[in-house]
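One letter stands for each residue in the lines below.
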Amino acid sequence: MSLYDDAVLVLKGYEGQEELRQAYLDHLAAHPDGMWKACEDGHITASALVIDPSRGRVLLTLHKKMRMWLQMGGHCEPQDTSLRAAALREATEESGVAGLTLLPGGPVRLDRHPIPPPCHCHFDVQYAALAPPDAVHTISDESLDLRWFAYDEVATVADESVVRLLEATRARL
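As a starting point, this report considers the structure included with it. (Residues numbered from 1 in each chain as written. Predicted model: local features only at pLDDT ≥ 70, side-chain atom pairs only at ≥ 80, totals over all residues. Heavy atoms only, no water.)

## A short note on the overall build of the protein
The helix and strand inventory of the protein stands at five helices and eight strands. Taken from N to C terminus, the helices and strands of the protein fall in the order α-α-β-β-β-β-α-β-β-β-β-α-α. What you see for the protein is a C-alpha radius of gyration of 15 Å, in line with the 16 Å of a compact globule of 173 residues. Along the three orthogonal principal directions, the C-alpha set of the protein runs to about 45 × 30 × 30 Å. The 173 residues of the protein split such that 54% are buried. Considering only contacts in the protein between residues 6 or more positions apart, those separated by 24 or more positions represent 66%. If you sum the accessible surface of the protein, you get close to 8,400 Å²; carbon and sulfur atoms cover 54% of it. Here the protein contributes 16 positively and 26 negatively charged side chains, and the mean placements of these two sets differ by 3 Å. (Helix = DSSP H or I, 4+ residues; strand = E, 2+ residues; numbered from the N terminus. Rg over C-alpha atoms; globule rule 2.2 N^0.38 Å. Buried < 20%, exposed > 50% of the residue type's maximum accessible area, 1.4 Å probe, protein only. Contact = heavy atoms within 4.5 Å. Areas by Shrake-Rupley, 256 points an atom, 1.4 Å probe, with all protein chains shown as cover. Lys, Arg positive; Asp, Glu negative; His and termini not counted. Charge placed at Lys NZ, Arg CZ, Asp CG, Glu CD.)

Structure follows, in structure tokens:
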């Protein structure tokens, strides 16, 4: 199965955010290349909020280009076999944490947001990744910093999309 086909199946099976979910599906129907960064009208991305429920904290990256505290994530790559695989790869690459596992049940949220040109929009499919108890993180080249934040600190450092992702993740837990 292609990554495109996987994305369509994942989105069709996603419950909630009906209008936004349909916008994702409509975008893919109109753009056969809508999985890839080269699609300047927008493209699907995959991200994961790295969470340590036992300590009530999340790991956020200070994104080098955006200069914002965000969850780990980014563009799909040709070797990705599924959106889950893309989200897990991105979370592992950007956090350096070995042994991450995605929270069961598929995506936690969808978030469509504008980005600087040449592309116009990211259609982000957001997962949650559980960190092992002994998680050790490493700052990647895509990050200025990487830091654990208590749940109640997230709203003071991150934007509303990250806060909503944390709320949805905690509800899923």
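## As for unusual backbone geometry
Of note in the backbone geometry, Gln17 takes a positive phi value of approximately 50 degrees without being a glycine. Tracing the sequence through the fold places Gln17 in the loop between helix 1 (3–13) and helix 2 (18–30). In this structure Gln17 comes out as partly exposed when scored by relative accessible area, which is 25%. Phi is positive for Arg67, which is not a glycine, with a value near 55 degrees. Structurally, the position occupied by Arg67 is in the loop between strand 2 (57–63) and strand 3 (69–70). Residue classification places Arg67 among the exposed positions, given a relative accessible area of 59%.

## Describing the layout of surface pockets
Approximately 850 Å³ is the volume found for the largest pocket. Every residue lining the largest pocket is counted, 35 residues in all, and those nearest its centre are His63, Met66, His75, Ile115 and His122. At the level of elements, strand 1 (43–52), strand 2, strand 4 (72–75), helix 3 (83–95), strand 6 (109–114) and strand 7 (121–130) are the ones that each hand at least two residues to the lining of the largest pocket. When grouped by side-chain class, the residues that make up the lining of the largest pocket number ten nonpolar, 13 polar and twelve charged. (1 Å grid on protein atoms, 1.4 Å probe; cavity = no way out; pocket = protein on both sides within 12 Å on 5 of 7 lines; lining within 4 Å. Points joined across faces, edges and corners; volume = space filled by probe spheres on them. Nonpolar A, V, L, I, M, F, W, Y, C, P; charged D, E, K, R; others polar.)

## Quick notes on the nonpolar core
Within soluble globular proteins, side chains that are nonpolar generally end up buried alongside one another. One finds Tyr24, Met35, Ile44, Val50, Leu83, Val125 and Tyr127 to be the most contacted residues of the largest nonpolar core, which totals 35 residues. Counting residues per element, the ones that place at least two in this core are helix 1, helix 2, strand 1, helix 3, strand 7 and strand 8 (143–150). Each residue touching Met35, except ones within four places of it in the same chain, is listed here: Leu3, Tyr4, Ala7, Leu28, His43, Ile44, Cys76 and Leu83. Counting 18 residues, the second largest nonpolar core, distinct from the first, contains Trp69, Ala128, Val154 and Leu165. (Core = buried A, V, L, I, M, F, W, Y, C linked by side-chain atoms within 4.5 Å.)

## Looking at helix 2
The end-to-end C-alpha distance of helix 2 is 18 Å, a good match for the 18 Å that 13 residues give at a rise of 1.5 Å each. Looking at the buried positions of helix 2, the neighbouring elements they touch are helix 1, strand 1, strand 6 and strand 7. (Expected span 1.5 Å × (residues − 1).)

## Brief notes about helix 5 (residues 160–172)
An ideal rise of 1.5 Å per residue puts 18 Å on 13 residues; helix 5 measures up with 18 Å between its terminal C-alpha atoms. Buried within helix 5 we find Ser161, Val162, Val163, Leu165, Leu166 and Thr169. Those residues of helix 5 that are buried are in contact with strand 1, strand 2, strand 3, strand 6, strand 7 and helix 4 (154–157).

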